[in-house]
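A closer look at the structure
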Amino acid sequence: MKLTEAEVIRVIREHLEGQFPKTCSVCKRSYGSFREFLLITKPVGSTISHDAELNDWNPVVPLGTAMYVNCPC
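The notes below deal with the structure included here. Since this is a predicted model, take the numbers as computed values, not measurements.

So, about a nonpolar patch on the surface. On the surface, Met1, Leu3, Val8, Val11, Ile12 and Leu16 cluster together into a nonpolar patch covering about 560 Å² of accessible area. Along the polypeptide, Ile12 turns up in helix α1 (residues 5-17).

And the structure:
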């Protein structure tokens, strides 16, 4: 099944939104939604695509992408 760009964005967003609530391991602040998390935290460096770093543009088992952020604490 081939997905459109809009469908891919929807699936990824649903996955990310399903990861909440999250709690900061340091100050125990709770982020109730993905939106709140994005508005309050600050990115650390650039987003990392582990598959792209390995030059694997069509992985059979994707390693994924990571973005690191800091809580204001």
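Moving on from the coordinates now.
Moving on, we come to the pattern of salt bridges. Applying the stated rule across the entire model yields 2 salt bridges. One salt bridge in this structure joins Arg10 and Glu14, with 3.3 Å as the shortest N-O distance. Separated by 4 residues within a single helix, Arg10 and Glu14 lie in helix α1, roughly one turn from each other. Since its relative accessible area comes to 43%, Arg10 is described here as partly exposed. Exposure remark for Glu14: the relative accessible area of 46% places this residue in the partly exposed category. Arg13 is the partner of Glu17 in a salt bridge, and the nearest nitrogen-oxygen pair spans 2.7 Å. With Glu17 and Arg13 both in helix α1 and 4 residues apart, the pair spans about one turn of that helix.

Moving on to the pairing of strand β3 (residues 42-49). In the case of a regular strand, side chains alternate between the two sheet surfaces. Of all 8 residues making up β3, only 0 are buried, and the element is barely covered by its neighbours. Examined bridge by bridge, β3 and strand β4 (residues 65-70) share 5 bridges and lie antiparallel to one another. Paired with Pro43 across the strands is Val69, a residue of β4.

What follows is about the layout of surface pockets. Its volume calculated, the largest pocket comes out at about 460 Å³. Lining the largest pocket we find 14 residues, and of these Leu16, Phe34, Phe37, Thr65 and Met67 sit closest to its centre. Among the elements of the structure, α1, α2 (34-40) and β4 are those that each provide at least two residues to the lining of the largest pocket. The element contributing the most residues to the lining of the largest pocket is β4, with 4 residues. Residues of the lining of the largest pocket, tallied by class, amount to 9 nonpolar, 4 polar and 1 charged.

Each value, and the rule that gives it
Residues numbered from 1 in each chain as written. Predicted model: local features only at pLDDT ≥ 70, side-chain atom pairs only at ≥ 80, totals over all residues. Heavy atoms only, no water. Patch = residues over 30% accessible without salt bridge, like charges linked within 9 Å, V, L, I, M, F, W, Y side chains within 5 Å. Areas by Shrake-Rupley, 256 points an atom, 1.4 Å probe, with all protein chains shown as cover. Salt bridge = Lys/Arg side-chain N within 4 Å of Asp/Glu carboxyl O. Helix = DSSP H or I, 4+ residues; strand = E, 2+ residues; numbered from the N terminus. Buried < 20%, exposed > 50% of the residue type's maximum accessible area, 1.4 Å probe, protein only. Pairing = 2+ DSSP bridges. 1 Å grid on protein atoms, 1.4 Å probe; cavity = no way out; pocket = protein on both sides within 12 Å on 5 of 7 lines; lining within 4 Å. Points joined across faces, edges and corners; volume = space filled by probe spheres on them. Nonpolar A, V, L, I, M, F, W, Y, C, P; charged D, E, K, R; others polar.

Just distances and angles here, no functional claims.
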